[in-house]
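One-letter residues, chain by chain:
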Amino acid sequence: TIRGKIRSRGFLQLPWKPFITAYESNICYKVDEDGLIARQDQVWSKTAQKALQETFTPTIFTPPPRSSLPTSSDEPAAVTKLF
């Protein structure tokens, strides 16, 4: 089992350039006996409804908002500046 936590945000590469606000995701990979990933599970800090809404909301001329997520205590400063 491999576990990780990511933080992401950004514009999707669609013609209307939807902006996806910052979210965190906990990822768990289950590895089989051959060392290959057999399963991936994710839990997001935002709802599927919110993610879908943001996907279809155009933001062509809107600057990205700042993240409202709390900073992780072990997050490098260079990463924190991005959010």
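Since the model is a prediction, treat every value here as computed from it, not as a measurement. (Residues numbered from 1 in each chain as written. Predicted model: local features only at pLDDT ≥ 70, side-chain atom pairs only at ≥ 80, totals over all residues. Heavy atoms only, no water.)

Counting secondary structure elements, the chain contains 2 helices and 3 strands. Counting every position in the chain, which comprises 83 residues, the buried fraction comes to 23%. Considering only contacts within the chain whose residues lie at least 6 apart along the sequence, 49% involve residues at least 24 apart. Accessible surface computed for the chain: about 6300 Å², of which carbon and sulfur atoms make up 58%. (Helix = DSSP H or I, 4+ residues; strand = E, 2+ residues; numbered from the N terminus. Buried < 20%, exposed > 50% of the residue type's maximum accessible area, 1.4 Å probe, protein only. Contact = heavy atoms within 4.5 Å. Areas by Shrake-Rupley, 256 points an atom, 1.4 Å probe, with all protein chains shown as cover.)

Take a nonpolar patch on the surface next. A surface patch of nonpolar side chains, amounting to about 260 Å² of accessible area, comprises Ile2, Val31 and Ile37. Following the sequence through the fold, Ile37 ends up in strand 3 (residues 37–44). Ile37 sits in the exposed class, given a relative accessible area of 53%. (Patch = residues over 30% accessible without salt bridge, like charges linked within 9 Å, V, L, I, M, F, W, Y side chains within 5 Å. Salt bridge = Lys/Arg side-chain N within 4 Å of Asp/Glu carboxyl O.)

Our focus in this paragraph is unusual backbone geometry. Even without a glycine there, the phi angle at Lys17 is positive, about 45°. Tracing the sequence through the fold places Lys17 in the loop between strand 1 (2–11) and strand 2 (19–31).

Another aspect to go through is the pattern of salt bridges. In this structure the tally under the stated criterion is 5 salt bridges. The partner of Lys46 in a salt bridge is Glu54, with the nearest N and O atoms 2.6 Å apart. With respect to class, Lys46 is no different from Glu54; both count as buried. Between Glu54 and Lys50 there is a salt bridge whose closest N-O contact spans 3.8 Å. Highlighted residues: Glu54 and Lys50, both in helix 1 (residues 48–55), separated by 4 residues, approximately one helical turn. On the accessibility criterion, Glu54 (5% relative accessible area) is buried. Each member of the salt-bridge network shares a partner with another, and the members are Lys5, Arg7 and Glu24.

Pairing geometry for strand 1 and strand 2, over 9 bridges, is antiparallel. Paired with Phe11 across the strands is Phe19, a residue of strand 2. Where strand 2 and strand 3 come together, 7 bridges link them in antiparallel fashion. Looking at the pairing, Asn26 lines up with Val43 of strand 3. What sits between strand 2 and strand 3 in their antiparallel hairpin is a turn of 5 residues, with Gly35 showing a positive phi close to 85°. (Pairing = 2+ DSSP bridges.)

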